[in-house]
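Coordinates in review
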Amino acid sequence: MNALAKPADLQAVAPAGVFVEEVKSVQHYTDRLFKFRMTRPSSFRFRSGEFVMIGLMLDGKPLYRAYSIASPAWDEELEFFSIKVPDGPLTSHLQKIQPGDAVLMKKKPTGTLVNDALIPGKRVYMFSTGTGIAPFASLIRDPDTYEKFDQVILTHTCREVAELKYGEQLVEETLSDPLIGEYAQDKLVHYTSVTREDFPRIGRITDLIEGGKLFEDLGVPPLDPAIDRGMICGSMDMLRDTKALLEKAGLNEGANNKPAEFVVERAFVG
């Protein structure tokens, strides 16, 4: 069966217990990155920061991949931010979707990058690389994040300047949003860096943390487990190295069933 089916066609052959949703909009940022928005089932509930399995029917069989939900829990649509892998089993097809096409979605969201998995603190760092910004796109648009923290620092590191565009657009829209803007205006900070092109800030986020430049640029003290909280999402190397730096600073890793000072999303590599 064609991977790019319409919702009405897919309903008849979709697996039981799976939502069939319609793509509403698609935006391509680079030859490696794109976002899309799709309809949200009226019965679908999730916490901002969680992920869900989405997929397509390929050769008559469903193929799924874990995707962070980039839209906040209150949004009427669902947003996703994806890489394009030329020979990727799913993304080689998913990157071709157009408004009106159908996408499969499993019914159960989950994940550790949620406010409930952190104990109260003053400042939260959301450390991201590449498409790892997606769960934070959800969290910075959720009023609960600003009720829980006095300062929300979103860091986003990419290889090239053009890959920062999604995050820049996201923060700009968040600050001007009639619902969220008043919460975010004085609390949200966007900190970007690149690793392979000239830019005001060059370097891996781990190097910027370890060398102290991150804190110097932000005008805040180094990590303090008494007031700082962290969330990490990105490549496997970035997860490992950032986690080690947070633990070195005295922060402990938490989970849904045991909230602590920082959390890591290990379900996929962003």
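Structure first, text after, so check above.
Residues numbered from 1 in each chain as written. Predicted model: local features only at pLDDT ≥ 70, side-chain atom pairs only at ≥ 80, totals over all residues. Heavy atoms only, no water.

Some points on the overall build of the protein chain
- Helix and strand content of the protein chain: nine helices and 11 strands.
- A compact globule built from 270 residues should have a C-alpha radius of gyration of about 18 Å, and the protein chain, at 18 Å, falls within 12% of that.
- Projected onto its principal axes, the C-alpha positions of the protein chain cover 55 × 40 × 35 Å.
- Classification of the 270 residues of the protein chain by burial places 54% in the buried group.
- As presented, the protein chain carries roughly 11,600 Å² of accessible surface, and 49% of it is formed by carbon and sulfur atoms.
- Taking the 32 positively charged and 39 negatively charged side chains of the protein chain as two groups, their mean positions are separated by 4 Å. (Helix = DSSP H or I, 4+ residues; strand = E, 2+ residues; numbered from the N terminus. Rg over C-alpha atoms; globule rule 2.2 N^0.38 Å. Buried < 20%, exposed > 50% of the residue type's maximum accessible area, 1.4 Å probe, protein only. Areas by Shrake-Rupley, 256 points an atom, 1.4 Å probe, with all protein chains shown as cover. Lys, Arg positive; Asp, Glu negative; His and termini not counted. Charge placed at Lys NZ, Arg CZ, Asp CG, Glu CD.)

A word on the packing of aromatic side chains
- Per the counting criterion, the structure on display carries 10 aromatic pairs.
- Taken together, a centroid distance of 6.0 Å and an interplanar angle of 20° make the contact between Phe34 and Phe36 stacked.
- Considering the side-chain rings of Tyr125 and Phe215, the 6.2 Å spacing of their centres and the 85° angle between planes classify their relative orientation as edge-to-face. Here Tyr125 is found in strand S7 (residues 123-129), whereas its partner Phe215 is found in helix H8 (residues 213-218), with 90 residues between them in sequence.
- In this structure Tyr125 comes out as buried when scored by relative accessible area, which is 0%.
- In textbook terms, an aromatic cluster arises when at least three aromatic residues are bridged by ring pairs, as seen for Phe34, Phe36, Tyr67 and Phe80. (Phe/Tyr/Trp six-rings, centres within 6.5 Å; stacked < 30°, edge-to-face > 60°.)

Considering the nonpolar core
- Met126, Phe136, Ile140, Val152, Tyr166 and Met231 are the most contacted members of the largest nonpolar core, which has 30 residues in total.
- At the level of secondary structure, the elements contributing two or more residues to this core comprise strand S5 (77-83), S7, helix H3 (134-139), strand S8 (151-158), helix H5 (165-176) and strand S10 (228-233).
- Top contributing element to this core by residue count: H3, with four residues.
- Those residues in contact with Tyr166 that sit more than four places away from it in its chain are Tyr29, Lys35, Ala70, Glu79, Phe81, Ile133, Ala137 and Arg141.
- Listed in part, the 21 residues of the second largest apolar core include Ala3, Phe34, Leu56 and Leu90. (Core = buried A, V, L, I, M, F, W, Y, C linked by side-chain atoms within 4.5 Å. Contact = heavy atoms within 4.5 Å.)

Remarks on the pattern of salt bridges
- If you walk through the whole model with that rule in mind, you get 15 salt bridges.
- In this structure, Arg240 engages Asp237 in a salt bridge whose closest nitrogen and oxygen atoms are separated by 3.1 Å. Pair noted here: Arg240 and Asp237 are both in helix H9 (residues 236-248), with a separation of three residues, about one helical turn.
- Judged by its relative accessible area of 49%, Arg240 falls in the partly exposed class.
- A salt bridge links Lys243 to Glu247, with the nearest nitrogen and oxygen atoms 2.8 Å apart. On the criterion of helical spacing, the pair formed by Lys243 and Glu247 is a turn pair, its members being four residues apart in helix H9.
- Bridged by salt links that share partners, the residues Arg37, Asp75, Glu77, Glu79 and Arg141 form one connected network. (Salt bridge = Lys/Arg side-chain N within 4 Å of Asp/Glu carboxyl O.)

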